[in-house]
Structures are given as C-alpha cells and as structure tokens.
Amino acid sequence: MTTAQMNGLEYLTAIKNGELPGSAMGQLIPMKLSVVHENYVEYEVYPDERHFNLQGGIHGGFCATVLDSVTGAAVHTTVDAGVSFSTIDLNVKMLKAMKNGETYTAIGEVIRIGRNVLTSEGRIVDKDGKIYAFGSATLLVTDRK
C-alpha cells in the first residue's frame, strides 16, 4: 500500500512504528509519536537549548508548534486517504515554564469532526501529569482526492 492509499490512522501508525519517517518539523522540535488511536495521539517531546528564548527559558513557540502538531495529528487519525486539511485557528495557553532536557508528553484529542471543519484540543504534561500548556485548534478540509 502506498502512502497515498493510507487513511490518516494507517499513515500515523506507520510513522509510530518506524515504517515511515516523521515530519521534518519533528527534527527542529524534537517529537516522537508514541501512541496512535482513532481520535487520539501522544508524542514525547524534548525541549533543549536550541529552543531557548532571550531570557534562557523554553520559547513559547515551542509549545505552540507542539500543540499545532498534536491537534493536527489527532484530526489526521480520522481522515480518509486523500483528504488534506490545514489549521485555521490555534489557541494556546502556557501555564508553566518548560525545562531544558526534560521529557514531556503532548496529547492531542479530537473534539468534533464535521464535513469541512475539524476541531481538536491538546496539552503538554510532565511525567506527573502536570499541565504546562494547553490549546485548541480549528482545521479546515482543503482537498479531497
């Protein structure tokens, strides 16, 4: 089966299993897909010194990028082969500063799948389940092949 024939759940499962490469963004923002189910994903994320802001903390853009990725991936688990979509709104709230060298879990869950408008939510948590950032996304179907 080619990637063009895979539905979103099959495609992300193949990435998780190491059968396909992850996104290039996953190299800039170190993320590893660890759990994939319909309507739900988890990534392990690893901020480091490359992600520092001018004050020496992890840049808020790190959280925003991770949340955009997990909310999109959660939606991706629900789409048929040939369906493309794009984030049209991302709302992010950062609650606690992330730390260099720590491992976090980013969780994405579907809220609603409509015909053209898709919504999901995400959060970044530490090993104890403490929430560092959360957000929601609205995505729009852009193509059906």
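Sequence order as written defines the numbering, with residues in each chain counted from 1. In keeping with the model being predicted, local features are shown solely for residues with a pLDDT of at least 70 and side-chain atom pairs are shown and tallied solely at 80 or more, while totals for entire chains, interfaces and linings include all residues. Side-chain metrics in this entry use all non-hydrogen atoms of the structure; hydrogen atoms and water are not considered.

An unreviewed UniProt entry lists the protein under the name Thioesterase domain-containing protein, with Acinetobacter variabilis as the source organism. Quoted straight from UniProt, the Sequence similarities (unreviewed entry) entry for the protein says "Belongs to the thioesterase PaaI family." UniProt positions are given in the numbering used here, feature names are shortened, and annotations may be inferred rather than shown by experiment.

(A) How the structure looks around the layout of surface pockets. Think of a 1 Å grid over the protein atoms and nothing else: a 1.4 Å probe that fits but is trapped marks a cavity, an open set flanked by protein within 12 Å on at least five of seven lines marks a pocket, and residues with an atom within 4 Å of a point count as lining. Grid points are joined across faces, edges and corners, and a volume is the space filled by probe spheres set on the points. Estimates place the volume of the largest pocket at around 740 Å³. Contributing elements (two or more residues each) for the lining of the largest pocket: α1 (8–16), α2 (25–28), β1 (31–37), α3 (60–76) and β3 (83–94). Polar here means any residue outside two lists: the nonpolar Ala, Val, Leu, Ile, Met, Phe, Trp, Tyr, Cys and Pro, and the charged Asp, Glu, Lys and Arg; Gly therefore counts as polar. For the lining of the largest pocket, a count of residues per class yields 16 nonpolar, 13 polar and 4 charged. For helices the rule is a DSSP run of H or I covering at least 4 residues; for strands it is a run of E covering at least 2, with both sets numbered from the N terminus onward.

(B) Broad picture of the nonpolar core. Nonpolar cores were defined as sets of buried Ala, Val, Leu, Ile, Met, Phe, Trp, Tyr and Cys residues, with membership established by side-chain atoms within 4.5 Å. Type-normalised accessible area, obtained with a 1.4 Å probe on protein chains alone, sets the label of each residue: buried when under 20%, exposed when over 50%, and partly exposed for intermediate values. Counting 24 residues, the largest nonpolar core has V41, Y43, V45, V66, M98 and I124 as the members making the most contacts within it. Listed by contribution, the elements that provide at least two residues to this core are α1, β1, β2 (40–45), α3, β4 (104–113) and β6 (131–144). Tallying contributions element by element places α3 first for this core, with 7 residues. Non-local contacts of V41, meaning those with residues more than four positions away in its chain, are made with L12, L33, V35, V70, A73, A74, T77, A106, I107 and G108. In this structure, V79, A137, L139 and V141 belong to the second largest nonpolar core, which totals 7 residues. Contacts are residue-level and defined by heavy atoms, with any inter-residue pair within 4.5 Å sufficient.

(C) Looking closely at the UniProt feature "domain: Thioesterase" (unreviewed entry) in the protein. Those residues carrying the UniProt feature "domain: Thioesterase" (unreviewed entry) are residues 56–130 in this numbering. Taken end to end, residues 56–130 is 23% helix and 41% strand, and its first and last C-alpha atoms sit 22 Å apart.

(D) Layout of the pattern of salt bridges. By definition here, a salt bridge exists when the distance from a side-chain nitrogen of Lys or Arg to a carboxyl oxygen of Asp or Glu is within 4 Å. Using the criterion set out here, one finds 2 salt bridges in the structure. One salt bridge in this structure joins D48 and R50, with 2.8 Å as the shortest N-O distance. In this structure D48 comes out as buried when scored by relative accessible area, which is 15%. Using a relative accessible area of 52% as the deciding quantity, one classes R50 as exposed. The salt bridge partner of E109 is R123, with a shortest N-O separation of 3.0 Å. Of this pair, E109 sits in strand β4 while R123 sits in strand β5 (residues 117–125), and the two are 14 residues apart along the sequence.

(E) How the structure looks around α3. How far a helix is expected to stretch is found by multiplying one less than its residue total by 1.5 Å. Compared with the 24 Å implied by 1.5 Å per residue over 17 residues, the 24 Å span of α3 between its first and last C-alpha is a close match. Residues of α3 that are buried include every one of F62, C63, V66, L67, V70, T71, G72, A73, A74 and V75, and no others.

(F) Looking closely at a nonpolar patch on the surface. Nonpolar side chains (Val, Leu, Ile, Met, Phe, Trp, Tyr) are joined into patches within 5 Å and like charges within 9 Å, using only residues with over 30% relative accessible area and no salt bridge. Computed with the Shrake-Rupley method and a 1.4 Å probe, the accessible areas treat only the protein chains shown as cover for residues. Among the surface-exposed residues, I88, V117 and L140 lie close enough to one another that they form a single nonpolar patch of about 240 Å² accessible area. You can see L140 is positioned in strand β6. Classification of L140 by relative accessible area gives partly exposed; the value is 32%.

(G) Local environment of the pairing of β2. In terms of burial, β2 is a largely internal element, 5 of the 6 residues being buried. Strands were regarded as paired on the criterion that DSSP finds at least two bridges between them. In this antiparallel pair of consecutive strands, β1 and β2, the connection spans 2 residues, and N39 shows a positive phi of 75°. With 6 bridges joining them, β2 and β4 adopt antiparallel strand pairing. Bridge assignment links E42 to a residue of β4, and that residue is I107.

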